[in-house]
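Chain by chain, the residues:
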Amino acid sequence: MFNSGRRTVRTRPLWLVASGAVAAATALLGTATTVPALPLNGALRFAPTVPALPVNGALRFAPTVPALTSTGEQRALAFARAEVAYYAAHVPSRLQAPDSPTAGTAVDRNCFSAAYNHVNPDTNSDGTPTNAAWYERDDLNQYCATLRLRDQYTNPAYGFENAVQGDSLWIDQLGQQISDGPGHIHGGLTTLVPGSQAADSFRTISEWEQRTDGNVIPVSFKARDGAVLRGNVWLPPPGAPTLRGGRYPGVVITDGSIQAYENLYYWAAEGLAQYGYEVLTYDVQGEGDSDLLPAGCPSLSDPTAQCQGVPYQQDYNFFQGAEDSLSYFLSTPAHPYRGTYNPGWRTLDRSRVGIAGHSLGAEAVSWAGQCDKRVKAIVAWDDLYPVNISQCAANLTVPRADQAKRLHAPSLATTNDYEFNIEPQTTVPDPNGSGMLSGGGLDGTAGYLSLAHHRIDSEIISIRSGTHLTYSYIPYVLPANEIGERVAFYYTLAWFDEYLRGGRDPLLPSSDTAYRRLTSLDSFDRSPDYNDNRRNPGAAEVSFGAGTYSVSQAAADPTDPAAGNVPYEIEGIPIPDTLSFYYYSEYRIHDPQARHDPVHQCSDMLARCPKHQPATP
């Protein structure tokens, strides 16, 4: 901890995915064999060798990692293969797809099998599981948490697009930095790395505009401290539904820390826009294309003066960034924000705006969403933070007229089985979440329980075999499962439909109300994959990001190197089979479509909502 002069700032290593980010950068650059271990107290410490994969939560070093070859792409691929192979070696062969030309051609259904929903650990006197099936299930779950990496290195279509888009992003990034001049230095350390902004190469702005006829407008606005923040406003494509008056509900997305640029959250921005939401994505101060330094910093008159938001990975950048971006999004020509306004102001329903964020951005939107009464709904991707309304002023500055007096915003949290380390469960974990670098969410169920206690609608969904990187698509190095992103989008869309759109979405069948989707224990509907935009078929294809590879599909269009990509889809998969069997998924929400708007509560969705919460899901 250190004192910023304004408030005590916590440098929480759990937010920092720098270890994987810089490792990825090292691999892509093709430089020395040194890669950073996990950050310690906010500072990167460097390990002398290439780390193998974590065992029991600790990094062990092994010379058996495949030799990284000369090109950055080959180095990254080798790293990904080694990571998947490590966990595959612990899984019975009958439960894993072999690392062969057929691997990566379909989603591994063993990863969401009902057979593994409930396994008795049969613990002994010291609490250690003795059931062999418990350990087999756990080994499989760890392997499943790496399969998005496998699907990248076995997908030639992804490899081609990643190379093309990576070069394009780097050139655009340099061009914008040059045009902005030396007075506006972009981002921090990782911004300088070629390819550092690479994400899901099928989810680019140009690709989305071409497929959907939607419109993305680059924007910039000043933060409270004068730093220029840059991002994009996403306007829905033709055929997307509007609210009364022809306007759209809106969502602002705050990114995570270190390398988690806005690009990594295009999966959410694109999908929400295709359903008729106006969306703002942006980089917080010190990340991506946003300014590293605030206005007037460093001071020529006092070089020792502290710069607000520097160093750039601290709460202030994210908390105040979430608030500043909200104010900008709601601005108009008549009421600009620090000299500028949202170019999409005419089509935004300013009374129906929600916010979403990931990692440190999730904590930021937890605060901004409850402290600012303009926010009508919150989605926190790992994880929802328990907010004390009396501490709002100590965490961010909200305009006096917009300050909330009490907790008020319905909030959804999504969590996962793992954070950064994929590690075995050698004991029965706390089903409310282990926190820190373990699983069940960085803050566990604390945020959900806090709001439920105050009788505010809330829900927490724990994604089976998910990791902290489920919500941010980073190529080749950081592990994630295959369908977690689609599961997250399903609940994100349903949450905003419920609290910003009145519970119904015109692009879905009338029976698929938001409340039903949030509480269903049947199978996923089509909402995360496909909607009913008949005016524009391209906009109906919601899931068109990176996925598995089809040889036949590629052969059908041999002139297109990207033709073999098959996006992940989850329609028809039983919902309970995608929920964590270690951590609770639960809710306490109203049913506005029912008479008298009753409150319904579920203590454990995997156990199908028993009257009493079981000791384990």
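A short tour of the structure in this document, coming up. (Residues numbered from 1 in each chain as written. Predicted model: local features only at pLDDT ≥ 70, side-chain atom pairs only at ≥ 80, totals over all residues. Heavy atoms only, no water.)

## Section: the side chain of N141
In this fold, N141 is placed in helix α3 (residues 132-144). Among the polar contacts listed, one links the side chain of N141 to the side chain of D417, at a separation of 2.9 Å. Setting aside residues up to four positions removed in sequence, N141 forms contacts with D417, Y418, R464, S465, F581 and Y582. (Helix = DSSP H or I, 4+ residues; strand = E, 2+ residues; numbered from the N terminus. Polar contact = N/O pair within 3.5 Å; in protein donor to acceptor, adjacent residues only side chain to side chain. Contact = heavy atoms within 4.5 Å.)

## Here we look at the layout of surface pockets
By volume, the second largest pocket is sized at about 400 Å³. If you go around the second largest pocket, you meet 20 residues; those closest to its centre are F202, E207, R211, F544 and N565. Of all the secondary structure elements, the ones that give two or more residues to the lining of the second largest pocket are α5 (156-180), α6 (205-212) and β12 (565-567). Among the residues making up the lining of the second largest pocket, the classes are represented as 6 nonpolar, 7 polar and 7 charged. (1 Å grid on protein atoms, 1.4 Å probe; cavity = no way out; pocket = protein on both sides within 12 Å on 5 of 7 lines; lining within 4 Å. Points joined across faces, edges and corners; volume = space filled by probe spheres on them. Nonpolar A, V, L, I, M, F, W, Y, C, P; charged D, E, K, R; others polar.)

## Focus: the sheet that holds strand β8 (residues 375-381)
Here 10 strands make up an open sheet; going across it, the order is β3-β4-β6-β5-β7-β8-β9-β10-β13-β14 and the pairing mixed. Strand pairing shows two members of the sheet lacking a second neighbour, β3 (215-222) and β14 (599-602), which therefore form its edges. Mean inter-strand twist for the sheet, computed between neighbouring axes without regard to direction, equals 20°. Sheet topology places strand β4 (residues 228-235) next to strand β6 (residues 278-282); 4 bridges connect them, and they run antiparallel. Across the sheet, the residue bridging to N232 is T281, located in β6. Its contacts with the sheet put α6 on β3 and β4, and the angle it makes with β3 is roughly 140°. (Pairing = 2+ DSSP bridges. Axes fitted to C-alpha atoms, helices over the stretch in contact; angles between N-to-C directions.)

## Points about the pattern of salt bridges
Summed over the entire model, instances satisfying the criterion amount to 17 salt bridges. One salt bridge in this structure joins D349 and R352, with 3.8 Å as the shortest N-O distance. Across the pair R516 and D525 runs a salt bridge, and its minimum N-O distance is 3.3 Å. The exposure class of R516 is partly exposed, given its relative accessible area of 25%. Connected through salt bridges with shared partners, the residues E323, D372, R374 and D402 form a single ionic network. (Salt bridge = Lys/Arg side-chain N within 4 Å of Asp/Glu carboxyl O. Buried < 20%, exposed > 50% of the residue type's maximum accessible area, 1.4 Å probe, protein only.)

## Digging into the environment of R501
Assignment of secondary structure puts R501 in the loop between α12 (484-500) and α13 (514-519). Since its relative accessible area comes to 8%, R501 is described here as buried. Sequence separation between R501 and Y248 is 253 residues, and the spatial gap between their C-alpha atoms is 9.0 Å. In contact with R501, not counting residues within four places along its chain, are P241, L243, P249, Y275, G276, Y277, R352, F496 and P506. Side-chain polar atoms of R501 contact the backbone oxygen of Y275, separated by 2.8 Å.

## A few points about helix α7 (residues 266-274)
With 9 of its 9 residues buried, α7 lies for the most part within the structure. Every buried residue belonging to α7 is among Y266, W267, A268, A269, E270, G271, L272, A273 and Q274, and all of these are buried. Immediately downstream of α7, the backbone of G276 shows phi near 95°, a positive value.

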